[in-house]
Amino acid sequence: QVQLVESGGGLVQPGGSLKLSCAASGFTFSRYVMRWYRQAPGKGREWVADVASTGSSTMFVASVKGRFTISRDNAKNTVYLQMNSLKPEDTAVYYCNAASTYSGTIYWGQGTQVTVSS
């Protein structure tokens, strides 16, 4: 059974930090590109960042470059999103996504809420 379980969300003040985790099971984690998406209230789902299957390369949406870091631990089947200098506009439900580099298979987590507010 495939599972992607996000954790680490919560309420944080502007300028603060949070670290999201996504624990994967039920598939060969090291063969998947891992991505984070987010969906703010009343908006569509937005791609935030991804990390290659080996962890060798990362990409970010312009609005989070320099503030967010994505990393993965293939031994622990876990991907992380370190979020620093958070802004109110970062408020959203954050979703973990796994995309196979071979078959095109995609998996989604259930999401974790991040709220940036004073």
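To be clear, the structure that these remarks concern was listed above.
The notes below deal with the structure included here. All values derive from a computational prediction rather than experimental measurement.

## Let's talk about the pairing of strand β3 (residues 18-25)
No. 1: On β3, burial follows the alternation: Leu18, Leu20, Cys22 and Ala24 on one face are buried, whereas Lys19, Ser21, Ala23 and Ser25 on the facing-out side are not.
No. 2: Summarising the sheet, strand β1 (residues 3-7) and β3 pair through five bridges and their orientation is antiparallel. Bridge pairing in β3 places Val5 opposite Ala23.
No. 3: In this sheet, strand β8 (residues 78-83) lies alongside β3 in antiparallel orientation, the contact comprising six bridges. Bridge pairing in β8 links Leu20 to Leu81.

## Focus: the pattern of salt bridges
No. 1: Evaluated as defined, the whole model comprises four salt bridges.
No. 2: A salt bridge links Asp50 to Arg35; its shortest N-O distance comes to 3.3 Å. Of the two residues, Asp50 sits in strand β5 (residues 45-51) while Arg35 sits in strand β4 (residues 32-39), which places them 15 residues apart along the sequence.
No. 3: Note on Arg35: relative accessible area 23%, which makes it partly exposed.
No. 4: Salt-bridge contacts for Arg38 lead to Asp90; the nearest nitrogen and oxygen are separated by 2.9 Å. Of this pair, Arg38 sits in strand β4 while Asp90 sits in the loop between β8 and β9 (92-100), placing them 52 residues apart in sequence. Side by side, Arg38 and Asp90 carry an identical accessibility label, which is buried.
No. 5: Taken together, the shared-partner salt bridges in this structure form one network comprising Arg38, Glu46, Arg67 and Asp90.

## Side note on unusual backbone geometry
No. 1: One non-glycine residue with positive phi stands out, namely Asn77, at about 50°.
No. 2: Tracing the backbone through its elements, the reader meets Asn77 in the loop between β7 (68-73) and β8.
No. 3: Looking at Asn77, the relative accessible area reads 26%, which means it is partly exposed.

## Let's talk about the nonpolar core
No. 1: Core analysis: the largest hydrophobic core is formed by 30 residues, its most contacted members being Met34, Trp36, Phe68, Val79, Leu81, Met83 and Tyr94.
No. 2: Elements that contribute at least two residues to this core include exactly β3, β4, β5, β7, β8, β9 and β11 (112-116).
No. 3: Sequence-distant contacts of Met34, defined by excluding residues within four places in its chain, comprise Leu4, Phe29, Ala49, Asp50, Val51, Ile70, Arg72, Val79, Cys96, Asn97 and Ala98.

## Things to note about the sheet that holds β7
No. 1: The strand order across the open sheet formed by four strands is β1-β3-β8-β7, and the pairing between neighbours is antiparallel. Each edge of the open sheet carries a strand with a single partner, namely β1 and β7. For this sheet, the mean inter-axis angle between neighbouring strands, taken without regard to orientation, is 15°.

## Concerning the state of the cysteines
No. 1: Here the structure, examined in full by the defined rule, presents one disulfide.
No. 2: Across a sulfur-sulfur distance of 2.1 Å, Cys22 and Cys96 are joined as a disulfide pair. Linking Cys22 and Cys96, the disulfide has an S-S dihedral of approximately -80° and is accordingly described as left-handed. Here Cys22, found in strand β3, pairs with Cys96, found in strand β9; they are 74 residues apart in sequence, far enough to count as distant.

Basis of the calculations
- Residues numbered from 1 in each chain as written.
- Predicted model: local features only at pLDDT ≥ 70, side-chain atom pairs only at ≥ 80, totals over all residues.
- Heavy atoms only, no water.
- Buried < 20%, exposed > 50% of the residue type's maximum accessible area, 1.4 Å probe, protein only.
- Helix = DSSP H or I, 4+ residues; strand = E, 2+ residues; numbered from the N terminus.
- Pairing = 2+ DSSP bridges.
- Salt bridge = Lys/Arg side-chain N within 4 Å of Asp/Glu carboxyl O.
- Core = buried A, V, L, I, M, F, W, Y, C linked by side-chain atoms within 4.5 Å.
- Contact = heavy atoms within 4.5 Å.
- Axes fitted to C-alpha atoms, helices over the stretch in contact; angles between N-to-C directions.
- Disulfide = S-S within 2.5 Å.

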